[in-house]
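Chains, contacts and geometry: an overview
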Amino acid sequence: MITSSSNKQIKYIAQLNKKAKVRNEDGVFLVEGWKMFVEAPRDWILSVFLSESFYLAHEDHPLLEGISVQVVEDRVFKSISDTQTPQGILCVMKQPSYQLEDLLNQKNPLLMVLENLQDPGNLGTILRTGEGAGVDGMILSRHTVDIFNPKVIRSTMGSIYRMPFIYADIIETVLPVLKEKGIKTYAAHLKGKAFYDEYSYIEGTAFFIGNEGNGLSDEVARCADTYIKIPMHGQVESLNAAVASSIFMYEACRQRR
């Protein structure tokens, strides 16, 4: 049993929790909780850490059979957990890798293009909602929050395992490929002349969502075929990025149903 916070593996996990650079250099990320373990593709799991109390309660569970685990004293486990109330199971996972073609291999793809989102909860919620709405993939700008940030992972509730995504160094260079594939692009923009529900999203569709505070950059916005907006009452100018994304994704889902 690991009983010290100065243990080499424990120090490494602490780094993975805090530093995107370490996660990305090593091609790994962390997941916590029983649900995230159960849903994880088995070939992604590199190592599993269990708190002592969790191990004693679940050591004979069939899903743990054949899996090598490290048992960690409860106090030490709490020090590496990213949650207030640890569930007692943490996994080091291999990062998935996708190409743009993986996002486009469906008929009439439905995509989200996310520029410079900074809130981990927003990104995680968009991935989770996207899976529910039938989105085929996400294109993220390089300055968008790290998708393997533990708070993003937790917000996805497992959708990180099933939602293809790519990061684009210069997002404008990816967009011509969408046009070549006949995908119509719609930018959520205050200058939109028409409401989002006035268009058809049955054919290939990509929605552009910008930074929480500044919206889309002019460079990305001008690449869109159409500006759309959400009707607003009162003095509200715009909605949270995840909420706005959900409205667009589920309108496309409704039309395609």
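As the structure is a prediction and not an experimental result, all values here were calculated from the model. Every chain is numbered independently, its residues counted from 1 as its sequence is written. Restriction of local features to residues with pLDDT of at least 70 applies here, the model being predicted, together with a cutoff of 80 or more for giving and counting side-chain atom pairs; totals for whole chains, interfaces and linings are based on all residues. Think of the side-chain values as coming from all heavy atoms in the structure, minus any hydrogens and water.

**Comments concerning the overall build of the protein chain**
Numbering goes from the N terminus for both helices and strands, where a helix is a DSSP run of H or I of at least four residues and a strand is a run of E of at least two. Of regular secondary structure, the protein chain possesses 11 helices and 11 strands. Its C-alpha atoms give the protein chain principal-axis dimensions of roughly 60 × 40 × 30 Å. Working definition: with a 1.4 Å probe on protein chains only, accessible area under 20% of the residue-type maximum means buried, over 50% means exposed, and in between means partly exposed. When each of the 257 residues of the protein chain is scored for burial, the buried share is 49%. Pairs of residues are marked as contacts when any of their non-hydrogen atoms sit within 4.5 Å. A separation threshold of at least 6 residues defines the contact pool for the protein chain, and within that pool the share at least 24 residues apart is 76%. As displayed, the protein chain has an accessible area near 13,000 Å², and 48% of this comes from carbon and sulfur atoms. We treat Lys and Arg as the positive residues and Asp and Glu as the negative residues; His and chain ends play no part in the count. For this purpose, a charge sits on NZ of Lys, CZ of Arg, CG of Asp or CD of Glu. Charge centroids of the protein chain, computed over 27 positive and 31 negative side chains, lie 2 Å from each other. Per-residue and other accessible areas follow the Shrake-Rupley method at a 1.4 Å probe size, with only the shown protein chains counted as cover for residues.

**Things to note about the pattern of salt bridges**
When a carboxyl oxygen of Asp or Glu lies within 4 Å of a side-chain nitrogen of Lys or Arg, that pair is called a salt bridge. With the rule as written, the count across this model stands at 8 salt bridges. A salt bridge links Asp 82 to Arg 154, with the nearest nitrogen and oxygen atoms 2.9 Å apart. In this pair, Asp 82 is assigned in the loop between helix H5 (74-80) and strand E4 (89-94) and Arg 154 in helix H8 (residues 150-156), connecting sequence segments 72 residues apart. Judged by relative accessible area, which is 24%, Asp 82 ranks as partly exposed. One salt-bridge network, in which partners are shared between bridges, spans Lys 35, Glu 39, Glu 131 and Arg 162.

**Things to note about the sheet that holds strand E7 (residues 165-168)**
Pairing between strands is defined by DSSP: at least two bridges between the two strands are required. Judged by pairing direction, the sheet is parallel, and its 7 strands sit side by side in the order E7-E6-E5-E10-E8-E11-E9 without closing on themselves. The strands lining the two open edges of the sheet, one partner per strand, are E7 and strand E9 (194-195). Taken together, the 3 bridges between strand E8 (residues 184-188) and strand E11 (residues 226-229) define a ladder with parallel strand orientation. Residue Tyr 186 lies in a different strand from E11, and its bridge partner there is Thr 226. Packed on one face of the sheet, helix H7 (residues 120-133) meets strand E5 (110-114) and strand E6 (137-141) and runs near 155 degrees to E6. Axis lines are fitted to C-alpha atoms, over the contacting stretch for helices. Their N-to-C directions set the angle, which ranges from 0 to 180 degrees. Along the sheet, helix H11 (residues 241-256) contacts E5, E8, strand E10 (205-209) and E11; its crossing angle with E10, the most-contacted strand, is approximately 170 degrees.

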